[in-house]
Amino acid sequence: MERLVIVTGANSGIGLALCERLLTGDSGLRLCLACRNLQRAEAARSALLTSHPSAHVDLLQLDVGSVKSVLSAAHEIKVRYSKVDFLYLNAGIMPNPKVDFKAFFRGLFSKNVIHMFATADGLLTQQDHVTSDGLQGVFATNLFGHFLLIRELEPLLCQSNHTSSVIWTSSSNARRSAFSLEDIQHKEGKEPYSSSKYASDLLSLALNQRMNRQGLYSSVVCPGMVMTNLTYGILPPFFWTLIMPVMWLIRIFTNTFTITPYNGAEALHWLFLQKPQFLDPRSKYHSLTSGLGKNYTQPQKMDVDDSLSENLYLELIKLEKEIKKDL
Ligand SMILES: NC(=O)C1=CN([C@@H]2O[C@H](COP(=O)(O)OP(=O)(O)OC[C@H]3O[C@@H](n4cnc5c(N)ncnc54)[C@H](OP(=O)(O)O)[C@@H]3O)[C@@H](O)[C@H]2O)C=CC1
Ligand SMILES: CC(C)=CCC[C@@H](C)[C@H]1CC[C@H]2C3=C(CC[C@]12C)[C@@]1(C)CCC(=O)[C@@H](C)[C@@H]1CC3
(Lines give C-alpha, C1' and ligand atoms only; values in the text may rest on other atoms or scores of the structure.)
(Ligands and ions follow the chains in the order given, each with its own letter.)
Protein backbone atom coordinates (compact mmCIF):
# COMPACT_ATOMS: atom_id res chain seq x y z
CA MET A 1 0.00 0.00 0.00
CA GLU A 2 1.15 3.53 -0.83
CA ARG A 3 2.93 5.18 2.12
CA LEU A 4 2.04 8.79 2.94
CA VAL A 5 4.86 11.16 3.93
CA ILE A 6 4.01 14.70 5.06
CA VAL A 7 6.86 17.22 5.21
CA THR A 8 6.39 20.67 6.77
CA GLY A 9 8.56 23.45 5.33
CA ALA A 10 9.11 21.31 2.22
CA ASN A 11 9.54 24.12 -0.29
CA SER A 12 13.22 24.88 0.37
CA GLY A 13 16.45 23.82 2.06
CA ILE A 14 16.59 20.56 3.98
CA GLY A 15 12.86 19.83 3.56
CA LEU A 16 13.03 20.04 -0.23
CA ALA A 17 16.28 18.03 -0.37
CA LEU A 18 14.62 15.34 1.76
CA CYS A 19 11.69 15.17 -0.68
CA GLU A 20 14.12 14.71 -3.61
CA ARG A 21 15.92 11.95 -1.77
CA LEU A 22 12.71 10.18 -0.74
CA LEU A 23 11.41 10.16 -4.31
CA THR A 24 14.74 8.90 -5.65
CA GLY A 25 14.78 6.03 -3.16
CA ASP A 26 11.10 4.99 -3.23
CA SER A 27 8.76 5.45 -6.18
CA GLY A 28 5.79 3.98 -4.30
CA LEU A 29 5.10 6.78 -1.88
CA ARG A 30 2.83 9.78 -1.75
CA LEU A 31 4.44 13.03 -0.68
CA CYS A 32 2.48 15.88 0.82
CA LEU A 33 4.33 19.21 0.87
CA ALA A 34 2.89 21.20 3.78
CA CYS A 35 3.95 24.81 3.22
CA ARG A 36 2.80 28.25 4.27
CA ASN A 37 3.22 29.77 0.80
CA LEU A 38 1.43 27.87 -1.97
CA GLN A 39 3.31 29.61 -4.75
CA ARG A 40 6.66 28.48 -3.31
CA ALA A 41 5.15 25.04 -2.69
CA GLU A 42 4.01 24.81 -6.34
CA ALA A 43 7.53 25.73 -7.49
CA ALA A 44 8.97 22.96 -5.29
CA ARG A 45 6.42 20.48 -6.64
CA SER A 46 7.36 21.38 -10.23
CA ALA A 47 11.05 20.88 -9.45
CA LEU A 48 10.32 17.47 -7.88
CA LEU A 49 8.17 16.40 -10.83
CA THR A 50 10.87 17.45 -13.28
CA SER A 51 13.25 14.89 -11.79
CA HIS A 52 10.49 12.36 -10.91
CA PRO A 53 7.72 12.78 -13.53
CA SER A 54 5.53 9.92 -12.26
CA ALA A 55 5.76 10.84 -8.55
CA HIS A 56 2.66 11.49 -6.44
CA VAL A 57 3.19 14.92 -4.90
CA ASP A 58 0.34 16.79 -3.17
CA LEU A 59 0.31 20.32 -1.77
CA LEU A 60 -1.19 21.49 1.49
CA GLN A 61 -1.41 25.03 2.82
CA LEU A 62 -0.01 25.05 6.36
CA ASP A 63 1.38 27.91 8.41
CA VAL A 64 2.67 26.12 11.52
CA GLY A 65 2.92 29.45 13.30
CA SER A 66 -0.86 29.94 13.16
CA VAL A 67 -3.21 27.84 15.27
CA LYS A 68 -6.13 28.36 12.86
CA SER A 69 -4.01 27.24 9.90
CA VAL A 70 -2.80 24.12 11.74
CA LEU A 71 -6.34 23.12 12.66
CA SER A 72 -7.67 23.62 9.14
CA ALA A 73 -4.67 21.81 7.57
CA ALA A 74 -5.19 18.88 9.96
CA HIS A 75 -8.87 18.79 8.99
CA GLU A 76 -7.90 18.77 5.30
CA ILE A 77 -5.44 15.89 5.88
CA LYS A 78 -8.18 13.88 7.60
CA VAL A 79 -10.50 14.47 4.64
CA ARG A 80 -7.87 13.53 2.06
CA TYR A 81 -6.05 10.57 3.64
CA SER A 82 -6.90 7.57 5.80
CA LYS A 83 -3.50 7.19 7.53
CA VAL A 84 -0.17 8.99 7.92
CA ASP A 85 3.05 6.94 7.82
CA PHE A 86 5.72 9.64 8.21
CA LEU A 87 5.32 13.17 9.49
CA TYR A 88 8.48 15.28 9.12
CA LEU A 89 8.27 18.30 11.43
CA ASN A 90 10.85 20.32 9.59
CA ALA A 91 9.56 23.89 9.22
CA GLY A 92 11.58 26.26 11.37
CA ILE A 93 12.69 29.85 11.80
CA MET A 94 15.50 31.80 13.39
CA PRO A 95 14.31 35.43 13.13
CA ASN A 96 16.64 38.45 13.32
CA PRO A 97 19.74 36.47 14.27
CA LYS A 98 22.79 38.26 15.67
CA VAL A 99 26.28 36.76 15.92
CA ASP A 100 28.35 37.60 18.98
CA PHE A 101 31.68 38.13 17.19
CA LYS A 102 33.55 38.68 20.46
CA ALA A 103 32.50 35.22 21.62
CA PHE A 104 33.31 33.86 18.15
CA PHE A 105 36.94 35.11 18.21
CA ARG A 106 37.36 34.02 21.85
CA GLY A 107 36.07 30.55 20.85
CA LEU A 108 38.32 30.43 17.80
CA PHE A 109 41.42 30.42 20.01
CA SER A 110 40.07 28.11 22.71
CA LYS A 111 40.01 24.32 23.05
CA ASN A 112 36.25 24.45 22.39
CA VAL A 113 36.65 25.61 18.82
CA ILE A 114 35.25 22.43 17.21
CA HIS A 115 32.30 22.40 19.62
CA MET A 116 31.64 26.05 18.77
CA PHE A 117 31.49 25.36 15.03
CA ALA A 118 29.30 22.31 15.60
CA THR A 119 26.75 23.90 17.91
CA ALA A 120 27.18 27.71 17.79
CA ASP A 121 26.81 27.60 21.59
CA GLY A 122 26.73 31.13 22.97
CA LEU A 123 27.24 32.67 19.51
CA LEU A 124 23.71 33.46 18.42
CA THR A 125 20.85 35.53 19.78
CA GLN A 126 17.53 36.32 18.11
CA GLN A 127 14.81 38.92 18.41
CA ASP A 128 11.46 37.16 18.59
CA HIS A 129 7.97 38.40 17.71
CA VAL A 130 4.46 37.68 19.00
CA THR A 131 2.00 35.88 16.68
CA SER A 132 -1.68 36.76 16.18
CA ASP A 133 -2.46 33.94 18.65
CA GLY A 134 -0.43 35.79 21.28
CA LEU A 135 2.38 33.22 21.24
CA GLN A 136 6.12 33.78 20.87
CA GLY A 137 6.87 33.29 17.16
CA VAL A 138 9.81 30.89 17.39
CA PHE A 139 8.04 28.69 19.94
CA ALA A 140 4.81 28.74 17.90
CA THR A 141 6.57 27.80 14.65
CA ASN A 142 9.33 25.44 15.71
CA LEU A 143 7.39 23.63 18.43
CA PHE A 144 3.77 24.39 19.32
CA GLY A 145 2.27 24.34 15.79
CA HIS A 146 3.87 20.95 15.22
CA PHE A 147 2.65 19.70 18.60
CA LEU A 148 -0.92 20.73 17.70
CA LEU A 149 -0.58 19.02 14.33
CA ILE A 150 0.41 15.73 15.97
CA ARG A 151 -2.47 16.04 18.44
CA GLU A 152 -4.98 16.66 15.66
CA LEU A 153 -3.60 13.86 13.49
CA GLU A 154 -3.54 11.24 16.26
CA PRO A 155 -6.37 9.22 14.67
CA LEU A 156 -4.35 8.93 11.43
CA LEU A 157 -1.02 8.34 13.16
CA CYS A 158 -2.24 5.80 15.71
CA GLN A 159 -3.97 2.93 14.00
CA SER A 160 -4.07 -0.75 14.86
CA ASN A 161 -1.38 -2.93 13.23
CA HIS A 162 0.39 0.17 11.92
CA THR A 163 3.45 2.14 12.98
CA SER A 164 3.96 5.80 12.23
CA SER A 165 6.99 8.05 12.62
CA VAL A 166 7.17 11.71 13.52
CA ILE A 167 10.61 13.17 12.86
CA TRP A 168 11.69 16.54 14.24
CA THR A 169 14.38 18.59 12.54
CA SER A 170 16.04 19.68 15.76
CA SER A 171 19.56 21.07 16.06
CA SER A 172 22.83 20.66 17.93
CA ASN A 173 22.12 24.27 18.94
CA ALA A 174 19.42 22.85 21.30
CA ARG A 175 20.63 23.66 24.82
CA ARG A 176 19.16 22.76 28.18
CA SER A 177 20.32 26.01 29.79
CA ALA A 178 18.39 28.03 27.17
CA PHE A 179 15.15 26.29 28.19
CA SER A 180 13.02 26.82 31.25
CA LEU A 181 9.82 25.05 32.27
CA GLU A 182 8.66 28.34 33.82
CA ASP A 183 9.06 30.10 30.45
CA ILE A 184 8.51 27.44 27.78
CA GLN A 185 7.89 30.11 25.12
CA HIS A 186 11.20 31.83 25.98
CA LYS A 187 9.57 35.26 26.49
CA GLU A 188 12.39 36.42 28.74
CA GLY A 189 15.59 35.24 27.06
CA LYS A 190 17.44 35.99 23.84
CA GLU A 191 17.89 32.41 22.56
CA PRO A 192 14.39 31.35 21.50
CA TYR A 193 15.84 29.10 18.76
CA SER A 194 18.00 27.09 21.20
CA SER A 195 15.09 26.87 23.60
CA SER A 196 12.57 25.71 20.97
CA LYS A 197 14.95 23.04 19.66
CA TYR A 198 15.67 21.76 23.17
CA ALA A 199 11.90 21.67 23.75
CA SER A 200 11.47 19.54 20.62
CA ASP A 201 14.04 17.06 22.00
CA LEU A 202 12.07 16.86 25.26
CA LEU A 203 8.74 16.58 23.52
CA SER A 204 10.00 13.76 21.31
CA LEU A 205 10.92 11.77 24.41
CA ALA A 206 7.51 12.44 25.99
CA LEU A 207 5.72 11.38 22.80
CA ASN A 208 7.63 8.10 22.82
CA GLN A 209 6.80 7.46 26.48
CA ARG A 210 3.11 8.08 25.88
CA MET A 211 2.43 6.96 22.32
CA ASN A 212 4.68 4.00 21.46
CA ARG A 213 1.98 1.63 22.68
CA GLN A 214 -0.35 3.16 20.09
CA GLY A 215 2.19 2.69 17.28
CA LEU A 216 3.51 6.26 17.14
CA TYR A 217 7.31 6.74 17.33
CA SER A 218 9.13 10.06 17.51
CA SER A 219 12.75 10.86 16.59
CA VAL A 220 14.96 13.94 16.49
CA VAL A 221 17.55 14.86 13.93
CA CYS A 222 20.32 17.43 13.60
CA PRO A 223 21.13 18.13 9.94
CA GLY A 224 24.44 19.78 10.81
CA MET A 225 25.48 23.19 9.56
CA VAL A 226 23.72 23.54 6.19
CA MET A 227 23.71 26.47 3.79
CA THR A 228 19.99 27.32 3.42
CA ASN A 229 17.77 30.42 3.61
CA LEU A 230 17.99 30.08 7.39
CA THR A 231 21.80 30.30 7.50
CA TYR A 232 21.96 32.91 4.71
CA GLY A 233 19.80 35.06 7.02
CA ILE A 234 22.49 35.06 9.72
CA LEU A 235 25.16 37.05 7.88
CA PRO A 236 25.12 39.11 4.65
CA PRO A 237 25.32 36.99 1.44
CA PHE A 238 28.67 38.51 0.35
CA PHE A 239 30.20 37.29 3.65
CA TRP A 240 29.08 33.74 2.99
CA THR A 241 30.50 33.87 -0.56
CA LEU A 242 33.78 35.12 0.87
CA ILE A 243 34.09 32.44 3.55
CA MET A 244 32.79 29.50 1.48
CA PRO A 245 36.32 28.05 0.98
CA VAL A 246 36.80 28.29 4.77
CA MET A 247 33.58 26.35 5.30
CA TRP A 248 34.84 23.46 3.14
CA LEU A 249 38.12 23.59 5.05
CA ILE A 250 36.32 23.43 8.41
CA ARG A 251 34.68 20.19 7.23
CA ILE A 252 38.07 18.52 7.48
CA PHE A 253 38.03 19.21 11.24
CA THR A 254 34.33 18.72 12.01
CA ASN A 255 31.99 16.30 10.24
CA THR A 256 29.03 18.47 11.34
CA PHE A 257 29.64 20.90 8.43
CA THR A 258 27.33 19.04 6.06
CA ILE A 259 26.96 22.29 4.06
CA THR A 260 24.60 21.13 1.27
CA PRO A 261 20.89 20.48 1.88
CA TYR A 262 21.35 17.03 0.27
CA ASN A 263 23.96 16.10 2.92
CA GLY A 264 21.91 17.77 5.67
CA ALA A 265 18.93 15.56 4.80
CA GLU A 266 21.03 12.40 5.38
CA ALA A 267 19.71 11.51 8.85
CA LEU A 268 16.13 12.45 7.92
CA HIS A 269 16.33 10.04 4.98
CA TRP A 270 18.14 7.37 7.01
CA LEU A 271 15.30 7.38 9.55
CA PHE A 272 12.83 6.74 6.74
CA LEU A 273 14.65 3.46 6.08
CA GLN A 274 14.68 2.26 9.71
CA LYS A 275 12.17 0.28 11.76
CA PRO A 276 11.09 2.93 14.33
CA GLN A 277 10.80 0.32 17.12
CA PHE A 278 14.58 -0.17 17.02
CA LEU A 279 15.49 3.52 17.38
CA ASP A 280 16.72 5.06 20.62
CA PRO A 281 14.20 7.61 21.99
CA ARG A 282 17.00 9.34 23.95
CA SER A 283 19.33 9.85 20.99
CA LYS A 284 19.49 12.58 18.41
CA TYR A 285 20.35 11.34 14.93
CA HIS A 286 23.02 13.54 13.33
CA SER A 287 23.67 14.00 9.62
CA LEU A 288 27.45 13.98 9.23
CA THR A 289 29.78 14.43 6.26
CA SER A 290 33.43 13.43 6.31
CA GLY A 291 36.27 15.55 4.89
CA LEU A 292 36.11 13.35 1.78
CA GLY A 293 32.39 14.04 1.37
CA LYS A 294 31.03 10.72 2.68
CA ASN A 295 27.58 11.05 4.30
CA TYR A 296 26.51 9.03 7.30
CA THR A 297 24.15 9.12 10.29
CA GLN A 298 25.25 8.84 13.90
CA PRO A 299 23.16 8.80 17.09
CA GLN A 300 24.25 10.91 20.06
CA LYS A 301 22.66 10.77 23.51
CA MET A 302 20.56 13.84 24.31
CA ASP A 303 20.70 15.82 27.54
CA VAL A 304 17.05 15.02 28.41
CA ASP A 305 15.23 13.48 31.36
CA ASP A 306 11.83 11.90 31.82
CA SER A 307 10.36 14.29 34.36
CA LEU A 308 11.28 17.47 32.44
CA SER A 309 9.92 16.02 29.21
CA GLU A 310 6.67 14.87 30.87
CA ASN A 311 6.23 18.28 32.53
CA LEU A 312 6.75 20.06 29.20
CA TYR A 313 4.13 17.78 27.64
CA LEU A 314 1.64 18.70 30.39
CA GLU A 315 2.40 22.43 29.92
CA LEU A 316 1.73 22.09 26.19
CA ILE A 317 -1.58 20.33 26.82
CA LYS A 318 -2.53 23.17 29.19
CA LEU A 319 -1.63 25.78 26.56
CA GLU A 320 -3.52 23.87 23.87
CA LYS A 321 -6.68 23.97 26.04
CA GLU A 322 -6.28 27.73 26.70
CA ILE A 323 -5.70 28.52 23.03
CA LYS A 324 -8.64 26.43 21.82
CA LYS A 325 -10.93 28.05 24.39
CA ASP A 326 -10.19 31.47 22.86
CA LEU A 327 -10.80 30.42 19.24
N1 LIG B 1 20.42 25.15 8.08
C2 LIG B 1 20.99 24.64 9.17
O3 LIG B 1 22.22 24.70 9.34
C4 LIG B 1 20.16 23.97 10.18
C5 LIG B 1 18.77 23.92 10.10
N6 LIG B 1 18.04 23.28 11.08
C7 LIG B 1 16.59 23.20 10.99
O8 LIG B 1 16.22 22.67 9.74
C9 LIG B 1 14.87 23.03 9.44
C10 LIG B 1 14.79 23.46 8.00
O11 LIG B 1 15.51 24.67 7.85
P12 LIG B 1 16.44 24.99 6.60
O13 LIG B 1 16.17 24.07 5.51
O14 LIG B 1 17.81 25.15 7.10
O15 LIG B 1 15.97 26.47 6.25
P16 LIG B 1 14.96 27.03 5.16
O17 LIG B 1 14.68 28.43 5.58
O18 LIG B 1 15.44 26.77 3.80
O19 LIG B 1 13.66 26.14 5.38
C20 LIG B 1 12.72 26.40 6.36
C21 LIG B 1 11.38 25.95 5.83
O22 LIG B 1 10.41 26.16 6.87
C23 LIG B 1 9.35 26.89 6.31
N24 LIG B 1 8.63 27.67 7.31
C25 LIG B 1 9.10 28.66 8.08
N26 LIG B 1 8.11 29.13 8.85
C27 LIG B 1 7.00 28.43 8.54
C28 LIG B 1 5.67 28.46 8.98
N29 LIG B 1 5.23 29.32 9.88
N30 LIG B 1 4.79 27.57 8.45
C31 LIG B 1 5.19 26.69 7.52
N32 LIG B 1 6.43 26.62 7.04
C33 LIG B 1 7.33 27.49 7.55
C34 LIG B 1 9.98 27.78 5.26
O35 LIG B 1 8.99 28.27 4.37
P36 LIG B 1 9.19 29.67 3.57
O37 LIG B 1 9.99 29.33 2.37
O38 LIG B 1 7.78 30.06 3.27
O39 LIG B 1 9.89 30.60 4.50
C40 LIG B 1 10.92 26.79 4.62
O41 LIG B 1 10.26 25.96 3.73
C42 LIG B 1 14.52 24.11 10.45
O43 LIG B 1 13.71 23.55 11.45
C44 LIG B 1 15.86 24.52 11.04
O45 LIG B 1 15.75 24.99 12.35
C46 LIG B 1 18.65 22.67 12.13
C47 LIG B 1 20.01 22.71 12.26
C48 LIG B 1 20.85 23.33 11.29
C1 LIG C 1 32.74 29.98 9.20
C2 LIG C 1 33.16 31.31 9.67
C3 LIG C 1 34.56 31.68 9.44
C4 LIG C 1 32.38 32.16 10.32
C5 LIG C 1 30.93 31.92 10.59
C6 LIG C 1 30.66 31.95 12.06
C7 LIG C 1 29.20 31.68 12.40
C8 LIG C 1 28.30 32.62 11.62
C9 LIG C 1 28.86 30.19 12.23
C10 LIG C 1 29.77 29.33 13.12
C11 LIG C 1 28.95 28.12 13.53
C12 LIG C 1 27.68 28.23 12.70
C13 LIG C 1 26.48 27.43 13.03
C14 LIG C 1 25.22 27.89 12.72
C15 LIG C 1 25.03 29.24 12.10
C16 LIG C 1 26.32 29.92 11.62
C17 LIG C 1 27.45 29.73 12.61
C18 LIG C 1 27.04 30.35 13.93
C19 LIG C 1 23.96 27.13 13.11
C20 LIG C 1 23.52 27.79 14.40
C21 LIG C 1 22.82 27.26 12.13
C22 LIG C 1 21.56 26.63 12.64
C23 LIG C 1 21.71 25.46 13.56
O24 LIG C 1 20.69 24.93 13.99
C25 LIG C 1 23.04 24.98 14.02
C26 LIG C 1 23.18 23.49 14.08
C27 LIG C 1 24.22 25.64 13.33
C28 LIG C 1 25.49 25.41 14.13
C29 LIG C 1 26.73 26.06 13.57
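Quick caveat: nothing in here was measured; it's all calculated off a predicted structure.

(A) Region of interest: the site of ligand 1. Close contacts around ligand 1 come from 29 residues, with Arg36, Asp63, Tyr193, Val226 and Thr228 the closest. Contact between ligand 1 and Val64: a nitrogen atom at 2.9 Å from a main-chain N or O atom of the residue. Contact distances for ligand 1 include 2.7 Å between an oxygen atom and a side-chain N or O atom of Tyr193. Alone, ligand 1 offers 880 Å² of accessible surface; in the complex the protein occludes 94% of this. Listing elements by their share of the shell around ligand 1, those giving two or more residues are α1 (13–25), α7 (192–211) and α8 (229–232). The element contributing the most residues to the shell around ligand 1 is α8, with three residues. Tallied by class, residues from the shell around ligand 1 come to ten nonpolar, 15 polar and four charged.

(B) Representation of the sheet that holds strand β9 (residues 283–289). Read from one edge of the open sheet, eight strands run β3-β2-β1-β4-β7-β8-β9-β10, paired in mixed fashion. Each edge of the open sheet carries a strand with a single partner, namely β3 (56–61) and β10 (295–301). Strand after strand, the sheet turns through a mean of 25° between neighbouring axes, direction not considered. Relative to strand β7 (residues 164–169), strand β4 (residues 86–89) runs parallel, the two being bridged by four bridges. Its bridge partner being in β7, Tyr88 is matched across the sheet by Ile167.

(C) Focus on the site of ligand 2. Close contacts around ligand 2 come from 18 residues, with Phe117, Leu124, Ser171, Tyr193 and Ile234 the closest. Between ligand 2 and Ser171 there is a distance of 2.6 Å, counted from an oxygen atom to a side-chain nitrogen or oxygen. The contact in question runs from an oxygen atom of ligand 2 to an N or O atom on the side chain of Tyr193, over 2.8 Å. When the free accessible area of ligand 2 is taken as 610 Å², the share hidden by the protein chains comes to 94%.

(D) Seen up close, the packing of aromatic side chains. Per the counting criterion, the structure on display carries 13 aromatic pairs. Between Phe147 and Tyr313, the ring centres sit 5.8 Å apart and the planes meet at 85°, which makes this aromatic pair edge-to-face. Residue Phe147 is located in helix α6 (residues 137–157), and its partner Tyr313 is located in helix α12 (residues 306–325); the two are separated by 166 residues in the primary sequence. Summarising the aromatic geometry, the rings of Phe239 and Trp240 are spaced 6.2 Å apart at their centres and angled 75° between planes, so their arrangement reads as edge-to-face.

(E) Region of interest: the layout of surface pockets. By volume, the second largest pocket amounts to about 400 Å³. For the second largest pocket, the lining is made up of 21 residues, of which Thr119, Ser172, Ala174, His286 and Gln300 are closest to its centre. Only α5 (113–119), α7, β9 and β10 provide two or more residues apiece to the lining of the second largest pocket. With four residues, α5 is the largest single contributor of residues to the lining of the second largest pocket. The residue makeup of the lining of the second largest pocket, split by class, is six nonpolar, eight polar and seven charged.

Procedures and definitions
- Residues numbered from 1 in each chain as written.
- Chains lettered and ligands numbered in written order.
- Predicted model: local features only at pLDDT ≥ 70, side-chain atom pairs only at ≥ 80, totals over all residues.
- Heavy atoms only, no water.
- Near = heavy atom within 4 Å.
- Polar contact = N/O pair within 3.5 Å; in protein donor to acceptor, adjacent residues only side chain to side chain.
- Areas by Shrake-Rupley, 256 points an atom, 1.4 Å probe, with all protein chains shown as cover.
- Helix = DSSP H or I, 4+ residues; strand = E, 2+ residues; numbered from the N terminus.
- Nonpolar A, V, L, I, M, F, W, Y, C, P; charged D, E, K, R; others polar.
- Pairing = 2+ DSSP bridges.
- Axes fitted to C-alpha atoms, helices over the stretch in contact; angles between N-to-C directions.
- Phe/Tyr/Trp six-rings, centres within 6.5 Å; stacked < 30°, edge-to-face > 60°.
- 1 Å grid on protein atoms, 1.4 Å probe; cavity = no way out; pocket = protein on both sides within 12 Å on 5 of 7 lines; lining within 4 Å.
- Points joined across faces, edges and corners; volume = space filled by probe spheres on them.

The values reported here are purely geometric and, on their own, carry no functional implication.
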